[in-house]
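# Coordinate analysis (summary)
For reference, the chains in residue letters:
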Amino acid sequence: MTKRIDGPSFSSADRLLTVAETAEYLNTSQRFPRRLIAERRIRFVKVGRFVRIPESAVREFIAAGLVEPMTTSDVWRAA
């Protein structure tokens, strides 16, 4: 029986990272990616009993948290 993946697209060419590799990529401890997984704040794949995080999911997580710098006109408007 074949399982079908629904929802966000997952490319088989996408590199799957371990929790340790994800932590290194984000320059954090391993606890942070584990918390993201537990809170379902990042996409992940279960391979048997192992958890892997698609590299694209890490890039999407970073992009979602990106804060653009303020311009001088934004500063004057905020005051």
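Everything below is about the structure shown above.
All values reported here derive from a predicted model rather than from experimental measurement. Position numbers for residues start from 1 in each chain and track the written sequence from start to end. Local features in a predicted model are, by the rule used here, given only for residues with pLDDT of at least 70; side-chain atom pairs are given and counted only at 80 or more, and totals for whole chains, interfaces and linings are based on all residues. For the side-chain quantities, the full set of heavy atoms in the structure was used; hydrogens and water were omitted.

## Re the sheet that holds strand 3 (residues 50-54)
Judged by pairing direction, the sheet is antiparallel, and its three strands sit side by side in the order 1-3-2 without closing on themselves. The sheet is open, and its two edges are formed by strand 1 (16-17) and strand 2 (45-47), each paired on a single side. Following DSSP output, two strands are said to pair if at least two bridges run between them. Numbered from the N terminus, helices here are DSSP runs of H or I no shorter than four residues, and strands are runs of E no shorter than two. Summarising the sheet, strand 2 and strand 3 pair through three bridges and their orientation is antiparallel. Bridge pairing links V45 to R52 in strand 3.

## Description of the packing of helix 1 (residues 19-26) against helix 3 (residues 55-64)
Orientation is described by axes fitted as lines to C-alpha atoms, over the contacting stretch for helices, and by angles from 0 to 180 degrees between their N-to-C directions. Packing of helix 1 against helix 3 leaves a shortest axis separation of 11 Å and a crossing angle of 35 degrees. Handedness of the crossing formed by helix 1 with helix 3: right-handed. For the pair formed by helix 1 and helix 3, the contact residues are T22, Y25 and L26 on the first element and E55, V58, R59 and I62 on the second. We call a crossing left-handed when the near helix sits turned anticlockwise from the far one by less than a right angle, and right-handed when that turn is clockwise. Between two residues, a contact is recorded if the distance between any of their heavy atoms is within 4.5 Å.

## A look at the packing of helix 1 against helix 2 (residues 31-38)
In the contact formed by helix 1 and helix 2, the axes pass within 8 Å of each other and the chain directions differ by 110 degrees. Compared by their axis directions, helix 1 and helix 2 come out roughly perpendicular. The handedness of the crossing between helix 1 and helix 2 comes out as right-handed. On the side of helix 1, the interface is formed by V19, T22, A23 and L26, while helix 2 contributes F32, P33, R34 and I37. Tallied by class, the residues present in the contact of helix 1 with helix 2 amount to six nonpolar, one polar and one charged. To sort the angles, those under 35 degrees are grouped as roughly parallel, those over 145 as roughly antiparallel, those from 65 to 115 as roughly perpendicular, and the leftovers as oblique. When residues are grouped by polarity, Ala, Val, Leu, Ile, Met, Phe, Trp, Tyr, Cys and Pro land in nonpolar, Asp, Glu, Lys and Arg in charged, and all others, Gly among them, in polar.

## A few points about unusual backbone geometry
A positive phi angle is found at N27, which is not glycine, with a value near 60 degrees. The phi angle at R40 is positive, at roughly 55 degrees, despite the residue not being glycine. Checked against the element boundaries, R40 lands in the loop between helix 2 and strand 2.

Read these as spatial facts, not as claims about activity.
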